[in-house]
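Secondary and tertiary structure notes
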Amino acid sequence: MVDLARLRRDRLGKVQRAMAAHGLGALVLTDIVNIRYCTGVAVMPLWTAVNLAHYVVVPATGEPVIFEYGGAEFRQRAHWKDVRPSMFWQARVTDSDSPGKAAAWAKQIRDVLAGRGLAGERVGIDTLDFNGYAALQALGLELADADRAMSHARIIKLPDEVELMRRACAVADTALRDMEAAIRPGISENELLATFWHRLLAEGGEHCFTRLIVSGEKTNPWLHEADSRQVRPGDLVAIDTDMIGPEGYVADYSRTFLCGERASAEQHDAYRVAYDFVRGCSELIRPGLAFSDFVARCPMLPAAYREQAYGVIVHGIGVDDESPNIPLPGDPYTEMPEGEFKENMVLAVECYAGKVGARDGVKLEDEVWVSAGGPVVLSRYPYDRKLLGHT
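Model, not experiment: these values are computed from the prediction. (Residues numbered from 1 in each chain as written. Predicted model: local features only at pLDDT ≥ 70, side-chain atom pairs only at ≥ 80, totals over all residues. Heavy atoms only, no water.)

Some points on the overall build of the protein chain
Filter applied, for reference: The numbering of helices and of strands both runs from the N terminus, where a helix is a DSSP run of H or I of at least 4 residues and a strand a run of E of at least 2. Our radius of gyration is a C-alpha quantity, and the globule rule it is checked against amounts to 2.2 Å times the number of residues to the power 0.38. Buried, partly exposed and exposed residues are distinguished by accessible area as a fraction of the type maximum, computed with a 1.4 Å probe on protein chains only: under 20%, between the cut-offs, and over 50%, respectively. All accessible-area figures derive from a Shrake-Rupley calculation using a 1.4 Å probe, and residue coverage is judged against the displayed protein chains alone. Here the positive residues are Lys and Arg and the negative ones are Asp and Glu; neither His nor the chain ends is included. Note on charges: their place is set at NZ of Lys, CZ of Arg, CG of Asp or CD of Glu.
Counting secondary structure elements, the protein chain contains 13 helices and 17 strands. Over its C-alpha atoms the protein chain spans a radius of gyration of 23 Å, differing by no more than 12% from the 21 Å that the globule rule assigns to 391 residues. With the C-alpha coordinates of the protein chain rotated into their principal frame, the extents come out at 70 × 45 × 40 Å. Each of the 391 residues in the protein chain was classed as buried or not, and the buried ones make up 54%. When the accessible surface of the protein chain is summed, it comes to about 16,600 Å², and 51% of that surface belongs to carbon and sulfur atoms. Distance from the positive charge centre (43 side chains) to the negative charge centre (55 side chains) of the protein chain: 3 Å.

Encoded structure:
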């Protein structure tokens, strides 16, 4: 049973311990994911993702000071004592002097820090705009990056967090069942997306942060998104769930289905490559295994599939994509992180298998909890037996 009051308290404690480890006296958070992690409350998260409408000051000790969207303060006051109305400074919201408004905002923040005896401490910030950052800097505050401390706090999951991630995967499993059942010649990718979204919303999920449902030639290369294309007989249909589930926890895994009864040899081959890679990588994961040793032991992708391979083979998952990010060997965009798998990490293990110039590609991915006894797959939706070649 998840205890949300305990979860709010314990997550704040994790953040404050991470702040101490990184030498931060306070955080000023504007990122909606970080705010939710520290307070347990999300107000209009899609709108506030692009509009600076609420912010939180997290001191090294004690409760946060929360500035919430005007009229929604009651949402936070149900859980926290010091909740105040926020102010706006972005031009698209205020239609006035943005630098001047930002200066007033920064003085508001400085007053809070001074009231807690933290005005001379290092202050971590996350996703401020230019005017907000410049205004804090102009007041002489010592600013630092909040992201490393927040990442440190979020990487190891509490028992309540693991349970919420299990629930998020269960919601995604149910939505996938409806989506797979809807696959037929003539249905559009947009209709399949709507089917998936309908069920996830009905089951307590919140939204998806991508539209990665594609079919046919749009499965190769990966990262096309859903549009009006209609599914045809023999098409592959691939999805990356990328779903925000109950209480903001992510279900991030992928499945590929066949529209029809008989897959081609090329479809079988791509599916088997992705399946063997994801399963082989997942089975290796256990506490204490160094990331570098893990990569050295991972299955090798056949040469024909390497050019378009997904660059990251494992990444952390929680309330967002998180650390660690472990690249496919040779990927030029992601550095190999130092460290090792630790108990109560939750990870997405993924593979894209598509040959350059081929019609079809396959995306598979699982969500894996690193338990004391080894890997536990939280994403329970079955693989497509027609594509695996099973009868």
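Read on, since the account is not over.
Comments concerning the sheet that holds strand β6 (residues 142-145)
Cut-off, in case you're wondering: Two strands qualify as a pair provided DSSP detects at least 2 bridges between them. Only the stretch in contact is used when a helix axis is fitted, and all axes are lines through C-alpha atoms; the angle between N-to-C directions ranges over 0 to 180 degrees.
An order of β4-β3-β2-β1-β5-β6 is seen for the six strands of this open sheet, with the pairing classed as mixed. The sheet is open, and its two edges are formed by β4 (83-85) and β6, each paired on a single side. Strand-to-strand twist of the sheet, defined as the mean angle between neighbouring strand axes without regard to direction, takes the value 25°. Across four bridges, the pairing between strand β5 (residues 122-125) and β6 is parallel.

Quick word on the pairing of strand β16 (residues 362-371)
In terms of residue burial, β16 counts as a mostly covered element, since ten of its ten residues are buried. Burial of the side chains of β16 extends over both faces: Val362, Leu364, Asp366, Val368 and Val370 are buried on one face and Lys363, Glu365, Glu367, Trp369 and Ser371 on the other. Direction of pairing for strand β15 (residues 346-353) relative to β16: antiparallel, over a ladder of eight bridges. What sits directly across from Ala348, in β16, is Glu367. Relative to strand β17 (residues 374-377), β16 is paired through four bridges, and the arrangement is antiparallel. Its bridge partner being in β17, Ser371 is matched across the sheet by Gly374. Count of turn residues in the β16/β17 antiparallel hairpin: two residues.

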